[in-house]
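What the coordinates show
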Amino acid sequence: MGYHTRETNTVPCGYHELNPEMEALLAEYLEDGKRKGLQESSIHLHDKIGHYFLSALADTGCVAPQAMNAQNGQR
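Thresholds, definitions, all that
Residues numbered from 1 in each chain as written. Predicted model: local features only at pLDDT ≥ 70, side-chain atom pairs only at ≥ 80, totals over all residues. Heavy atoms only, no water. pLDDT = per-residue confidence, 0-100. Helix = DSSP H or I, 4+ residues; strand = E, 2+ residues; numbered from the N terminus. Contact = heavy atoms within 4.5 Å. Expected span 1.5 Å × (residues − 1).

1. Quick look at the confidence of the model for the protein chain
Scored by pLDDT, the protein chain comes out at a mean of 81, with 76% of its residues at no less than 70. By mean pLDDT, strand β2 (residues 11–12) is the weakest element of the protein chain at 42, and helix α1 (residues 20–35) is the strongest at 95. This model gives residues 1–5 a pLDDT under 50, and the stretch forms 15 contacts once residues within four places in sequence are excluded. The model gives residues 7–13 a pLDDT under 50, and that stretch makes 14 contacts with residues more than four places away or in other chains.

2. Thoughts on α1
In this model, α1 (16 residues) spans 22 Å end to end at C-alpha, consistent with the 22 Å of a helix rising 1.5 Å per residue. For α1, the elements touching its buried residues are α2 (40–59). Looking one or two residues beyond α1, the residue adopting positive phi is Gly37, at roughly 95°.

See the structure below:
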């Protein structure tokens, strides 16, 4: 994902890379939101926030959904 500027061809938009397990967890979460009737703008927002949150968890050493716990989220 990216956007174009006059100075450069493409600038990354800031989405955080996730490992396949975390990506699958986020995809399930977003799909559930779609089934519940969330608007596309809300889905996009949840996607962005989810990438940020799961990336921050990965930075603490939590690299799989099964490893998530209350201590992972504390900074």
